[in-house]
Amino acid sequence: MAISKKPFGVTPDGHDVTQFTLTNARGASVRVINYGAILTSIIVPDRNGVLDDVALGFDNLEGYLADHGSMGDTVGRYGNRIAQARFTIDGATYQLDRNNGENHLHGVLSKQLWAADPVETANGDFLRLHYVSPDGEDHFPGTLDVTVTYGWDDDCNLSIRYEATTDKATHCNMTNHTYFNLAGCTSGSICDHILTVDADAITPVSGKALIPTGGYMPVAGTPFDMRSGLRLGDGLAATSTCPQMAYAGGYDHNFVLRKGEAMGRAAKLYDPKSGRVMETLTDQPGVQVYSACATNIPGGKGGAHYGKYFAVCLETQHFPDSPNQPQFIGTTLLRPGEKYDTTTIYAFRAE
């Protein structure tokens, strides 16, 4: 195992950005920059041992400074949507930034410079990134002290641990927004990928704003039934006939995981062409499946143009709009003296 680093550009306000590379004994690697704690690359072998990058992204900082669809971002303070960009805590209502129509989406942690601390061990390498979000950032209450730790080992397990504390009651729901294409980040459509999601229901949305209705919809008999594996192209073919999919132009929905808040498998993604497999394990109760429905981004790696359905995101999370939906499992409310502490693992294999 080894960690190396190199310059990755300069922010508009003059701060140097560094890219860290964690490489295992098989030559597989992950790369992270300290701007936004963004995951920029995942290079893993196929069934023949051929290495390729399976994460969409950019070769330079400029790509991440521009509108990039949150590719690789550490998103927060609140991953996913909060209706009307507001919530109430202990009788006080907080109006957040409306950055997604009338709603709030993801936040600004991916636009900040984080302090980075690389750690090499015999059992794997780690990159700890730290940022203090001041009280009022994005109009959230409380100073949020955040640490995100990326881990990489010789078995190609990528772990991401999120930790946070606050000095005032607030909401916190962090996740990673990597766009995965197991055939390679410049290979085009992921319609031949097979996705399995261990969920019997989704939280349906009420319109194009994609805010949950507050109820649950069984996946049985719908294009959301991925319990036994579904070729994504077959599911996406129902976009025009399935009202839920028509709202999003494909998949952009929260799946209610069978395991609840216990650590366990959420999903399995498989590319038959390369043989690459990625299992997603988490202690979160939901996973947002996003099929890059609105992606149209030029200037990707090697000059690639990233288009619609060129990747799929598997964003582990508490449910969207949980601050306004108290009936949803668990809570995103974080109070002083408590610790937000959650881990997701993306485990890469080939078969």
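Quick look at the structure, then. (Residues numbered from 1 in each chain as written. Predicted model: local features only at pLDDT ≥ 70, side-chain atom pairs only at ≥ 80, totals over all residues. Heavy atoms only, no water.)

Moving on: the layout of surface pockets. By volume, the largest pocket is sized at about 780 Å³. If you go around the largest pocket, you meet 34 residues; those closest to its centre are Asp67, Gly69, Ser70, Leu105 and His106. Residue composition of the lining of the largest pocket, by class: 14 nonpolar, 13 polar and 7 charged. If you add up the space inside the second largest pocket, you get close to 190 Å³. Forming the boundary of the second largest pocket are 13 residues, of which His318, Thr331, Lys339, Tyr340 and Asp341 lie nearest the centre. (1 Å grid on protein atoms, 1.4 Å probe; cavity = no way out; pocket = protein on both sides within 12 Å on 5 of 7 lines; lining within 4 Å. Points joined across faces, edges and corners; volume = space filled by probe spheres on them. Nonpolar A, V, L, I, M, F, W, Y, C, P; charged D, E, K, R; others polar.)

This paragraph deals with the pattern of salt bridges. Under the definition given, this model contains 16 salt bridges. We note a salt bridge from Asp90 to Arg335, for which the minimum N-O separation is 3.0 Å. In this pair, Asp90 is assigned in the loop between strand 8 (86–89) and strand 9 (92–95) and Arg335 in the loop between strand 26 (333–334) and strand 27 (340–350), connecting sequence segments 245 residues apart. On the accessibility criterion, Arg335 (31% relative accessible area) is partly exposed. Asp198 serves as the salt-bridge partner of Arg265, at 2.9 Å between the closest nitrogen and oxygen. One end of the pair, Arg265, is in strand 22 (residues 264–270); the other, Asp198, is in the loop between strand 17 (194–197) and strand 18 (199–202), and 67 residues separate them in sequence. One connected set of salt bridges, linked through shared partners, spans Arg161, Glu163, Lys339 and Asp341. (Salt bridge = Lys/Arg side-chain N within 4 Å of Asp/Glu carboxyl O. Helix = DSSP H or I, 4+ residues; strand = E, 2+ residues; numbered from the N terminus. Buried < 20%, exposed > 50% of the residue type's maximum accessible area, 1.4 Å probe, protein only.)

Further remarks concern the sheet that holds strand 2 (residues 16–23). The strand order 1-2-3-4-5 describes an open sheet built from 5 strands, whose pairing is antiparallel. Edge positions in the sheet fall to strand 1 (2–10) and strand 5 (51–53), since each of these pairs with one other strand and no more. Averaged over all neighbouring strand pairs, the angle between strand axes comes to 20°, with direction disregarded. Pairing geometry for strand 2 and strand 3 (residues 29–33), over 5 bridges, is antiparallel. Bridge pairing links Leu22 to Val30 in strand 3. (Pairing = 2+ DSSP bridges. Axes fitted to C-alpha atoms, helices over the stretch in contact; angles between N-to-C directions.)

Glancing now at the side chain of His171. Position of His171 among the secondary structure elements: in strand 15 (residues 170–171). A distance of 2.8 Å separates polar atoms of two side chains, one belonging to His171 and the other to Thr332. (Polar contact = N/O pair within 3.5 Å; in protein donor to acceptor, adjacent residues only side chain to side chain.)

Note that every value here comes from positions in space, so none of it alone points to a role or purpose.
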